Amino acid sequence: MARAIAGVGASLAIVLALTACGSPPGAAPSASAPSATATATVTADPTPAVEVPVAAATPSPARRPVPPVRVVAASIEVDVPVVPVGVEAGGFMELPADPAIGGWYRFGADPAASDGNVVISAHVDSPAYPIGPFSRLRDLPVGDVVEVTDAAGDMRKYAVESVTYYPKAELPVDDLFARSGARSLVLITCGGEFDSRTGRYADNVVAIATPIT
Amino acid sequence: MRKKVLAAIAVGIAAALSVGVPANASTASNAVLSVLHGIPDTPVDVYVNGALTLDDFQPGDLAGPLDLPAGAYEVALTAPDATDAGSPVLGPVTLTLEAGKNYTAVAHLGASGSPTVTPYVNDTSPTAAGEGRLTVRHVAAAPAVDVLAGGSAVIQGLANPDEASLDLPAGTIEASVAAAGTTDPVIGPAPVEVQEGVLTIAYAWGSLEDENLELAVQTITGLHSAPDGVNSGTGGQLAQRDMFQQWMWAIGGLAVAAAVAASALVVARSRAQR
């Protein structure tokens, strides 16, 4: 019995000690040594004054993106499948060979991501294929709706905000491929003059659409 | 020696402890610090300016990252069951932290097994689009090692406390660590994911002799770069069609103009004949 009481006493001492250690809200973090009272309660284990993130140094699984699989812009008769793509040799965005297939930049945001732009691009044309649906991107009216469906079956709507021609060397890649900030849909293809010697168009045509919530 | 180690830990942790907030990128006037505890079997408590900041910091744990103003921090280390900083096992020590860099201070065993601390500067410079960076640090009581990926050595003769870095295409590599010049793994093989735009730092820590070699992993995000551009048309058919249509319009326009002119002429003539 005496032991039990002693135990209760010890518990109370801990509670008191904790109370003594706790600063009232708004008070400056105490830099002074714990009070004599707290020191006297030898069983009390203090708690940290500030929160420092500590975790086991083990690999943290990266968030698995949910790739978009289809993009539809009904007003310009675009309805194309979309596949994940990366970077081609030389540092340019990789694209499906067939202009009728869109490529989603898999290192950027996916439609479900909380941050960053979803970039989908397709060839406007290619020697071995007919002219692609993205050739009509330039005719996409501001305000029209573009729908993106992802591999989980979720469909998201975006409202077209702008369609812009950029000379290729001036394409604002850091903004278009941003990993943080706005969650815009960025559709890219080519346009403008074609240089048959280089096999390249002079411009990129870029449509930017913002999520409709 | 133990004191020295603790001092080293104190230095690393001191920086981590003050007014830090989690952060991944250093700003102009701040530094970013993480602290890895890589000495087996030695948990500690860490006090900064008299306040307990890391309670029961365990081997294998990583504290931070913390965004810290440059400056000096006073740190004391105690046994994990201490009730205050009154009787530190080490310290207080003063740490001066330099601005503009991303550090990981690692408390670890030297090659011969004596504890030490190594402050590493993490290479957070941008990676190319599509690539990530892998840094391997030898912080174990063990001889020089090779790092093998898919069975072949990608890093050779790495000795404690050296580090080696590789920029690799994003993906998962099957990595293992073997004594230099051999292929028989002492750690792994284990999958190590190289994420695009992410610095993955793998630490081999512990002691070969005590058979407690382990792998610790730290990741730092935000190194990514955008692709150089988008070449999204190589056929030229659209441009051809556009040009053809322009010609058709032009020809059509000329035809219309000619027709109008012809009619006008006819009308004029018929009037003249009246």
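Definitions and limits used
- Residues numbered from 1 in each chain as written.
- Chains lettered and ligands numbered in written order.
- Predicted model: local features only at pLDDT ≥ 70, side-chain atom pairs only at ≥ 80, totals over all residues.
- pLDDT = per-residue confidence, 0-100.
- Helix = DSSP H or I, 4+ residues; strand = E, 2+ residues; numbered from the N terminus.
- Contact = placed C-beta atoms within 7 Å.
- Domains from an automatic or database assignment.
- Pairing = 2+ DSSP bridges.
- Axes fitted to C-alpha atoms, helices over the stretch in contact; angles between N-to-C directions.

Residues and elements named next belong to chain B. Averaged over all residues, the pLDDT of chain B equals 82, while 86% of them reach at least 70. Strand E1 (residues 21-22) is the least confidently modelled element of chain B, averaging 42 in pLDDT, while strand E10 (residues 131-141) averages 96, the highest of any element. Here residues 8-26 scores under 50 on pLDDT; set against residues more than four positions off or in separate chains, the count is 80 contacts. Prediction confidence for the complex, expressed as pTM and ipTM, is 0.77 and 0.75 respectively.

Attention now goes to the domain arrangement of chain B. Residue and element names in this part refer to chain B. Its domain assignment divides chain B into domain 1 (1-121), domain 2 (124-230) and domain 3 (235-274). Going through the elements one at a time, strand E2 (30-38), strand E8 (102-109) and strand E9 (115-121) are the ones with two or more residues in the side of domain 1 that touches domain 2. At 5 residues, the largest contribution of residues to the side of domain 1 that touches domain 2 is made by E8.

Another point: the sheet that holds strand E11 (residues 145-149) of chain B. Residues and elements named next belong to chain B. Taken together, 4 strands build an open sheet; the order of strands is E12-E11-E14-E15 and the sheet is antiparallel. Strands with a single pairing partner mark the edges of an open sheet, and in this sheet they are strand E12 (152-158) and strand E15 (185-194). Averaged over neighbouring strand pairs, the angle between their axes works out to 20° when direction is ignored. In terms of strand pairing, strand E14 (residues 171-179) meets E15 through 7 bridges, oriented antiparallel. Among the inter-strand pairings, Gly 171 is bridged to a residue of E15, identified as Val 194.

Each side of the interface is counted separately: chain A has 57 residues, and chain B has 51 residues. Counting residues per element, the ones that place at least two in the side of chain A that touches chain B are strand E1 (54-56), helix H3 (173-176), strand E8 (185-195) and strand E9 (200-211) of chain A. It is E8(A) that provides the largest number of residues to the side of chain A that touches chain B, a total of 5 residues.

With that settled, consider the pairing of strand E17 (residues 214-220) of chain B. Residues and elements named next belong to chain B. Direction of pairing for strand E16 (residues 199-207) relative to E17: antiparallel, over a ladder of 7 bridges. The residue bridging Tyr 203 from the neighbouring strand is Ala 216, located in E17. Connecting E16 to the next strand, E17, in antiparallel fashion are 6 residues, including Glu 211 with a positive phi near 55°.

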